[in-house]
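# Examination of the molecular architecture
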Amino acid sequence: MVPKVTIYLALSLLTLIFIILLCLNLGILNFKKSYQLQVISDMDNQNKLSNDNLYRFAPLISDAFPLANSYPTKPLIYRFEPQDYSIPEKIFTNPLPKTNFVVSRGKTLFRRFCIPCHNEDGKGKGPIVTKVELKADEEGFPPPKDLTSESTRKMTDGRLFHILSAGQNLMFSFHDKLTIFDKWALIHYIRELQYGK
């Protein structure tokens with residue numbers, strides 16, 4: 001048989017542990033200043049990011065660079081206006097080699113973003129122009145640029161990159177929808193349409 005003293009000591013120890021846990025949970029005892037110990041916190045109090053160089057600030061930019069494998073929630077800024085094509089035309093050149101993967105990626109993006117206006121062949125007679133029935137008083141959508149025309153062939157890759165980034169005439173910017181890699185891959189595919197395989 002267990003002596004009564006041992007039972008009283010065990011009960012006292014359990015009561016003391018319960019009181020300490022209760023005090024910690026209520027914040028009466030607080031060993032860490034950053035957050036309270038909670039049995040079920042429901043993620044109310046979480047550890048914050050420490051100063052461990054996760055964010056490095058770029059000069060003259062107010063926001064931090066995004067963490068790796070994340071997508072920015074703020075709109076990306078392209079620094080040239082649509083009419084400022086002469087500078088990007090000189091400084092941008094296609095850094096991607098023309099490989100099957102790059103051209104295939106460009107073709108996928110062309111089908112996703114360009115076909116409605118430029119059609120599959122790039123000649124500017126997409127469904128938005130040819131298949132939309134107009135009422136008698138409607139003008140319709142002006143025909144988009146023929147991507148296989150001589151004037152488009154003469155454009156540099158930098159100029160095409162600029163048009164994808166800043167837009168041109170009625171074509172809006174795709175800067176927030178396409179990564180830099182995707183733009184260059186799309187330009188490779190446009191060249192494929194222009195010159196054949």
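Since the model is a prediction, treat every value here as computed from it, not as a measurement.

## Here's the deal with the nonpolar core
In terms of nonpolar packing, the biggest core is built from 25 residues, with Tyr78, Phe92, Phe110, Phe161, Trp184, Leu186 and Ile187 touching the most fellow members. Sorting the residues of this core by element identifies helix H3 (100-118), helix H6 (157-166) and helix H7 (180-195) as the ones contributing at least two each. Once residues within four sequence positions are removed from consideration, phenylalanine 92 is found in contact with Tyr78, Phe80, Gly158, Phe161 and Trp184.

## Quick look at the packing of H3 against H7
Following both chains from N to C, one finds H3 and H7 inclined at 90 degrees, their axes separated by 7 Å at the closest point. When the interaxial angle is binned, H3 and H7 end up roughly perpendicular. Residues Phe101, Val102, Val103, Arg105, Gly106, Lys107, Leu109, Phe110 and Cys114 of H3 form the contact with H7, whose participating residues are Phe181, Asp182, Ala185, Leu186, His188, Tyr189, Ile190, Glu192 and Leu193. Its residues assigned to classes, the contact of H3 with H7 comprises 12 nonpolar, 2 polar and 4 charged.

## Some thoughts on the side chain of lysine 183
Position of lysine 183 among the secondary structure elements: in helix H7. Buried charged residue lysine 183 carries no salt bridge. Nearest counter-charge: aspartate 176, at 8.3 Å. Looking at lysine 183, its side chain comes within polar contact range of the side chain of histidine 175, at 2.5 Å. Not counting the four nearest positions on each side in its chain, lysine 183 is found in contact with Phe161, Leu164, Ser165, His175 and Leu178.

## A look at the confidence of the model for the chain
Note that predicted coordinates carrying low pLDDT should not be read in detail. Taken residue by residue, the chain gives an average pLDDT of 78. The fraction at 70 or more is 75%. Contacts of residues 50-64 to residues separated by more than four positions or lying in other chains number 13 contacts, the stretch itself having pLDDT below 50.

## Comments concerning H6
With 9 of 10 residues buried, H6 lies mostly within the body of the structure. All of the buried residues in H6 are Gly158, Arg159, Leu160, Phe161, His162, Ile163, Leu164, Ser165 and Ala166. Check the buried side of H6 and you find it contacts helix H2 (86-91), helix H5 (150-153) and H7.

## Some points on the side chain of serine 165
Looking at the element boundaries, serine 165 is found in helix H6. Assessed through its relative accessible area of 2%, serine 165 is described here as buried. Apart from the residues lying within four places of it in its own chain, the contact partners of serine 165 are Tyr78, Ser173, His175 and Lys183.

## Digging into the packing of aromatic side chains
On inspection of all chains with the given rule, the structure shows 7 aromatic pairs. Arranged with centres 4.5 Å apart and planes meeting at 15 degrees, the rings of phenylalanine 161 and tryptophan 184 form a pair that is stacked. One end of the pair, phenylalanine 161, is in helix H6; the other, tryptophan 184, is in helix H7, with 23 residues separating them in the sequence. Exposure class is identical for phenylalanine 161 and tryptophan 184. Each is buried. A ring pair is formed by phenylalanine 172 and phenylalanine 174, whose centres lie 4.9 Å apart and whose planes are at 35 degrees; its orientation type is tilted. A relative accessible area of 9% means that phenylalanine 174 is categorised as buried. Of the aromatic side chains, those joined through ring pairs into one cluster are Phe80, Phe92, Phe161 and Trp184. The aromatic ring of tyrosine 85 is capped on one face by arginine 159, whose charged end is 3.7 Å from the ring centroid.

## Here we look at H3
Its 19 residues place the ends of H3 only 22 Å apart at the C-alpha level, less than the 27 Å of an ideal helix rising 1.5 Å per residue. Largest kink in H3: about 50 degrees, centred on arginine 112, with the proline proline 116 one to four residues after it. Taken together, the buried positions of H3 are Val102, Val103, Gly106, Leu109, Phe110, Cys114, Ile115 and His118. Once H3 ends, the next one or two residues include asparagine 119, with phi positive near 70 degrees.

Reading the values: the criteria
Residues numbered from 1 in each chain as written. Predicted model: local features only at pLDDT ≥ 70, side-chain atom pairs only at ≥ 80, totals over all residues. Heavy atoms only, no water. Core = buried A, V, L, I, M, F, W, Y, C linked by side-chain atoms within 4.5 Å. Buried < 20%, exposed > 50% of the residue type's maximum accessible area, 1.4 Å probe, protein only. Helix = DSSP H or I, 4+ residues; strand = E, 2+ residues; numbered from the N terminus. Contact = heavy atoms within 4.5 Å. Axes fitted to C-alpha atoms, helices over the stretch in contact; angles between N-to-C directions. Parallel < 35°, antiparallel > 145°, perpendicular 65-115°, else oblique. Nonpolar A, V, L, I, M, F, W, Y, C, P; charged D, E, K, R; others polar. Lys, Arg positive; Asp, Glu negative; His and termini not counted. Salt bridge = Lys/Arg side-chain N within 4 Å of Asp/Glu carboxyl O. Polar contact = N/O pair within 3.5 Å; in protein donor to acceptor, adjacent residues only side chain to side chain. pLDDT = per-residue confidence, 0-100. Phe/Tyr/Trp six-rings, centres within 6.5 Å; stacked < 30°, edge-to-face > 60°. Lys NZ or Arg CZ within 6 Å of the ring centre and 35° of its normal. Expected span 1.5 Å × (residues − 1). Bend = angle between axes of the 7 residues up to and from the residue.

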